[in-house]
Amino acid sequence: AEIGEAERHHDMINNPNAYNLHRFSFDHVYDQDSTQKDVYENTAKAAVYSTLEGYNATVLAYGQTGTGKTYTMEGFKYNSSDPVRGIIPRSVEEIFKYIQTSSNAKTTFMVRASYLQIYNDVISDLLKAGRTSLQIREDRKKGVFVEGLSEWAVRSPHEIYSLIQKGAHSRATACTKRNDFSSRSHAVFLVIVEQMSAISENDKEEDLIRKSKSIKVGKLNLVDLAGSERVSVTGATGTRLEESKNINQTLSALGNVIAALTDKKGRTHIPYRDSKLTRLLEDSLGGNCKTTMMAMISPALEAFFESLSTLKFANRAKNIKNVARVNEDVDQKALLRKYEIELRKLRQELETKNKSLIDKRVIFQLEEDKRKAEEDKFAAITALEVRSREFMIEKEEKRKLEEKIRTMNSQMLVGGQKI
């Protein structure tokens, strides 16, 4: 007969030598009674504040399929009043709450968001339809980035919720024996927060370069990995089987990178380029980043070996040493700086046009007065000509009358004499 959980636990206590004992030490452990708020407050909140201080930060969910990674990262609803909302919506709320409470006349913020998936080792933009097969590039100042990935400027949590929902509809999911909505791709939601000290309107454009420490750029990577799978358990066939192979291969590459980074002998080569995922997470694993890994496991007996493997994986990852630094003025062409310069140019151009407009208004008024004066002059001349003609007519009529009178008088006789 099958041994029950209680009997097995009792047997382990009484016969400890009959079992292999595994001990692990982690920063926090959550059970079925833990809330989404507990997970965020204790595990993810510090990463969000690191981003607001100008650091790169990553929160990464790893584990077997069906263990709640997507639920932990996203939750079910994108609503600030939903108690089971996940890390992503809570992080977004935290960022905008910070901006609202910390913003002043001397500080300007810009928040941008991107959303991508790695499906069968092909990177796609979840927010721009048709953008697939994107390539990973590396820049001395920007670090590792995805070329052609769209960035969306956002001004409120609601706008980010809309982007997340849009991306979630595009993400590859499928039904397996272990999960009705199994994620078939690795998803990364990226939030970039730029903050810049305000610059006096009297400063010249060249003064912007001297104030290099006025800009901080924090990047927050929120990573929901596809779960590792045993084909015999998930029942994957056909397309699902190919997906499983790619998922497991990518996670294996991730494990190799972590193993290389934690090798006590010290390896000179770290196999970041073995997969798109490890290449993308290069800064998060041993680079300029504050990384938090969450390991999800299942309480099911049939998942014991996957759970043990996950715990060993997370335990190794704890030993990775990252060197995080504040991204202070990483690029003099940072978007906020470019916006500020462009705005100043536009304001100066507007001021010049306003001044020019005022000058033109004066000219227009003078021309209008001249036109009216010329019209008045023409009217006066016309009236004078009319009056002159009338006068000449009257004068002619008077002459005719006088002539008539003289003629008539010349014909009159007085006392037998001519007058």
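Residue positions within a chain follow its written sequence, with the count starting from 1. At least 70 in pLDDT is required for a residue's local features to be given in this predicted model, at least 80 for side-chain atom pairs to be given and counted, and no such filter applies to totals for whole chains, interfaces and linings, which use all residues. Hydrogens and water molecules were not included; the side-chain quantities draw on all heavy atoms of the structure.

A few words on the packing of helix α2 (residues 36-52) against helix α4 (residues 87-102). Where α2 contacts α4, the two axes come as close as 9 Å, and the packing angle between them is 50 degrees. Judged on the interaxial angle alone, α4 and α2 are oblique. Along this stretch, α2 crosses α4, giving a crossing that reads as right-handed. Counted together, Gln-36, Lys-37, Val-39, Tyr-40, Ala-44, Lys-45, Val-48, Tyr-49 and Leu-52 of α2 and Ile-87, Arg-90, Ser-91, Glu-94, Ile-95 and Tyr-98 of α4 form the full contact between these two elements. Under the grouping applied here, Gly and all other residues not named as nonpolar or charged are polar, the nonpolar ones being Ala, Val, Leu, Ile, Met, Phe, Trp, Tyr, Cys and Pro and the charged ones Asp, Glu, Lys and Arg. Across the contact of α2 with α4, the residue classes tally to 9 nonpolar, 2 polar and 4 charged. Lines fitted to the C-alpha atoms define the axes, with helices restricted to the stretch that makes contact. Angles between their N-to-C directions range from 0 to 180 degrees. Runs of H or I in DSSP of at least four residues are treated as helices and runs of E of at least two as strands, each being numbered from the N terminus. The scheme is simple: roughly parallel for angles under 35 degrees, roughly antiparallel for over 145, roughly perpendicular for 65 to 115, oblique for anything else. Left-handed is the label given to a crossing in which the near helix is rotated counterclockwise from the far helix by less than a right angle, and right-handed is the label when the rotation is clockwise. For this analysis, residues touch if any pair of their heavy atoms sits within 4.5 Å.

This part takes up the confidence of the model for the protein chain. For every residue, the predictor states its confidence as a pLDDT score lying anywhere from 0 to 100. For the protein chain, the mean per-residue pLDDT works out to 81, and 81% of the residues sit at or above 70. Across residues 208-213, confidence stays below pLDDT 50; counting only partners more than four residues off in sequence or on other chains, it has 11 contacts. Every residue in residues 414-419 is under pLDDT 50, and counting partners more than four places away or in other chains gives 8 contacts.

Criterion for a salt bridge: a side-chain nitrogen of Lys or Arg within 4 Å of a carboxyl oxygen of Asp or Glu. Going through the model one piece at a time under the given rule, you end up with 13 salt bridges. Salt-bridge contacts for Glu-194 lead to Arg-112; the nearest nitrogen and oxygen are separated by 2.4 Å. You can see Glu-194 sitting in strand β9 (residues 186-197) and its partner Arg-112 sitting in strand β2 (residues 107-119), a full 82 residues away along the chain. For Asp-224, the salt bridge goes to Arg-171, with nearest N and O atoms at 2.8 Å. With Asp-224 in strand β10 (residues 215-224) and Arg-171 in the loop between α5 (157-170) and β7 (173-174), this pair connects stretches of sequence that are 53 residues apart. Arg-171 carries the same exposure label as Asp-224, and that label is buried. Among the charged side chains, a network of salt bridges with common partners joins Arg-112, Glu-151 and Glu-194. Relative accessible area decides the class of each residue, using a 1.4 Å probe on protein chains only: under 20% of the type maximum gives buried, over 50% gives exposed, and in between gives partly exposed.

Geometry of an aromatic ring pair is reported as the spacing of the ring centres plus the angle between the planes. Side-chain rings of Phe, Tyr and Trp, where Trp is taken by its six-membered ring, are said to pair if the distance between their centres is within 6.5 Å; with planes under 30 degrees apart they count as stacked, over 60 as edge-to-face, and otherwise as tilted. What the rule picks out here adds up to 6 aromatic pairs. Centroid distance Tyr-49 to Tyr-98: 6.2 Å. Interplanar angle 90 degrees. Geometry classified as edge-to-face. Here Tyr-49 is found in helix α2, whereas its partner Tyr-98 is found in helix α4, with 49 residues between them in sequence. By relative accessible area, Tyr-49 is classed as partly exposed at 32%. We classify Tyr-98 as partly exposed; its relative accessible area is 23%. Centre to centre, the rings of Tyr-62 and Phe-313 are 3.9 Å apart; their planes meet at 10 degrees, and the pair counts as stacked.

All right, on to α5 then. For α5, spanning 14 residues, the distance from its first C-alpha to its last is 20 Å, which sits close to the expected 20 Å at 1.5 Å a residue. Pro-157, Ile-160, Tyr-161, Leu-163, Ile-164 and Gly-167 are the residues of α5 that are buried. All buried residues of α5 project into a common sector of 165 degrees when viewed along the axis, lining one side. For α5, the exposed residues lying more than 90 degrees away from the buried face are His-158 and His-169. Any helix carries an expected span of 1.5 Å times its number of residues minus one. This arc describes the spread of directions from the helix axis toward the C-beta atoms.

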